[in-house]
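An overview of the molecular structure
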Amino acid sequence: MSKYIYLSPELKISRIITGLWQVADMERDGKSLDLDQAAKALVPYIEAGLSTFDMADHYGSSELIAGILHKKYVPKDSIQLLTKWVPAPGKLTKNDVKEAVVLSLKRMQVDCLDLLQYHAWNYADPCWLDQLYWLQELSSEGLIKNIGLTNFDTAHLKMTLDSGIKVVSNQVSFSLL
């Protein structure tokens, strides 16, 4: 069995993904992490073959750490940096969506996101589908290689696919407990 999974022709990820959700330095009583030391601490993961990192716009400084990691410690082509966009509930403009993507690009110090996974808080508000259309447009512009989803139920995943949105993954919460 290969240690990689192909989500799309251009995206090969490790079977085991290192999640950076625990970075959450905004929850550390105002104490910031040393970004350089945090990035350097990820190098042994890569050396052990764990080269796929999952982060999000709201996981503290995780995107900043990933940017330092590939700029200073390892070549970008030796790792996969997957991030999420979790917009606050409510209506956003097309420009708001682009600004969120550009912010992740700047933090991660890349020209294009390998995978941007989208999370919707409230399916009753149809703006989530508009946001996905705008993400797909940004993909066409070359800012996003692949679009994924997080925690979409079957009905809304089907609605997304039936609307012509091209997604490569749906990351769902799972616990053996």
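Use the structure listed above.
Heads up: these notes are all about the structure in this document. The model shown is predicted, which means the values in this text are computed figures rather than measured ones.

**What about the pairing of strand β7 (residues 147-150)?**
Of the two faces of β7, the one lined by Ile147 and Leu149 and the one lined by Gly148 and Thr150 are each fully buried. Where strand β6 (residues 115-118) lies against β7, three bridges are found, and the strand directions are parallel. Note that in β7 the partner of tyrosine 118 across the bridge is leucine 149. Since β6 and β7 lie parallel, the crossover through helix α5 (residues 127-140) that links them has a hand, and here it is right-handed.

**Quick word on the environment of serine 140**
Mapped onto the secondary structure, serine 140 falls in helix α5. Sequence separation between serine 140 and valine 43 is 97 residues, and the spatial gap between their C-alpha atoms is 32 Å.

**So, the side chain of serine 8**
Structurally, the position occupied by serine 8 is in strand β1 (residues 4-8). Within polar-contact distance, the side chain of serine 8 engages the side chain of asparagine 146 at 2.8 Å. Not counting chain neighbours up to four residues away, the residues in contact with serine 8 comprise Asn146 and Val168.

**Considerations on the pattern of salt bridges**
Counted according to the given criterion, the structure contains eight salt bridges. Here aspartate 54 ties to lysine 84 by a salt bridge, and the two come within 2.5 Å at their closest N and O atoms. Highlighted residues: aspartate 54 in strand β4 (residues 52-54) and lysine 84 in strand β5 (residues 80-85), separated in sequence by 30 residues. There is no split in this pair, since aspartate 54 and lysine 84 are both buried.

**A few points about α5**
Along an α-helix, residues three or four apart share an orientation, since each turn contains 3.6 residues. Relative to the 20 Å expected for 14 residues at 1.5 Å per residue, α5 spans 20 Å between its end C-alpha atoms, a close match to the ideal helical length. Looking at the buried positions of α5, the neighbouring elements they touch are β5, α4 (94-108), β6, β7 and α6 (154-162). The positive-phi residue at the C-terminal boundary of α5 is glycine 142, with phi of around 95 degrees.

**Regarding the packing of α4 against α5**
Packing of α4 against α5 brings their axes to within 10 Å, and their N-to-C directions diverge by 55 degrees. Taken together, the axis directions place α4 and α5 in an arrangement best described as oblique. Where α4 crosses over α5, the two elements pack in a sense that is right-handed. In this structure, α4 uses Lys94, Val97, Lys98 and Val101 to contact α5, whose residues at the interface are Gln131, Trp134, Leu135, Glu137 and Leu138.

**Some words on the environment of alanine 41**
For alanine 41, the location among the structural elements is in the loop between α1 (35-40) and α2 (43-47). Take alanine 41: its relative accessible area is 46%, and that puts it in the partly exposed class. It is 32 Å that separates the C-alpha atoms of alanine 41 and leucine 138, two residues lying 97 residues apart in sequence.

**Things to note about the nonpolar core**
In this structure, Phe53, Leu69, Val101, Tyr118, Leu132, Leu135 and Ile144 are the most contacted members of the largest nonpolar core, which totals 41 residues. At the level of secondary structure, the elements contributing two or more residues to this core comprise α1, α2, α3 (62-73), β5, α4, β6, α5 and β7. Among the elements that take part in this core, α5 stands out by supplying six residues, more than any other.

**Observations regarding the packing of aromatic side chains**
In the structure shown here, the tally under the stated rule is five aromatic pairs. Between tryptophan 85 and tyrosine 118, the ring centres sit 5.7 Å apart and the planes meet at 50 degrees, which makes this aromatic pair tilted. With tryptophan 85 in strand β5 and tyrosine 118 in strand β6, this residue pair connects regions lying 33 residues apart in the sequence. Residue class for tyrosine 118 comes out buried when judged on its relative accessible area of 1%. Between tryptophan 128 and phenylalanine 152, the aromatic rings sit 5.6 Å apart at their centres with planes inclined by 75 degrees, giving edge-to-face as the arrangement. Within this pair, whereas tryptophan 128 is found in helix α5, its partner phenylalanine 152 is found in the loop between β7 and α6, the two being separated by 24 residues in sequence. Comparing tryptophan 128 with phenylalanine 152, the two get one shared label, buried.

Calculation criteria
- Residues numbered from 1 in each chain as written.
- Predicted model: local features only at pLDDT ≥ 70, side-chain atom pairs only at ≥ 80, totals over all residues.
- Heavy atoms only, no water.
- Buried < 20%, exposed > 50% of the residue type's maximum accessible area, 1.4 Å probe, protein only.
- Helix = DSSP H or I, 4+ residues; strand = E, 2+ residues; numbered from the N terminus.
- Pairing = 2+ DSSP bridges.
- Right-handed = clockwise from strand over helix to strand, strands pointing away.
- Polar contact = N/O pair within 3.5 Å; in protein donor to acceptor, adjacent residues only side chain to side chain.
- Contact = heavy atoms within 4.5 Å.
- Salt bridge = Lys/Arg side-chain N within 4 Å of Asp/Glu carboxyl O.
- Expected span 1.5 Å × (residues − 1).
- Axes fitted to C-alpha atoms, helices over the stretch in contact; angles between N-to-C directions.
- Parallel < 35°, antiparallel > 145°, perpendicular 65-115°, else oblique.
- Left-handed = near helix turned anticlockwise from the far one by under 90°.
- Core = buried A, V, L, I, M, F, W, Y, C linked by side-chain atoms within 4.5 Å.
- Phe/Tyr/Trp six-rings, centres within 6.5 Å; stacked < 30°, edge-to-face > 60°.

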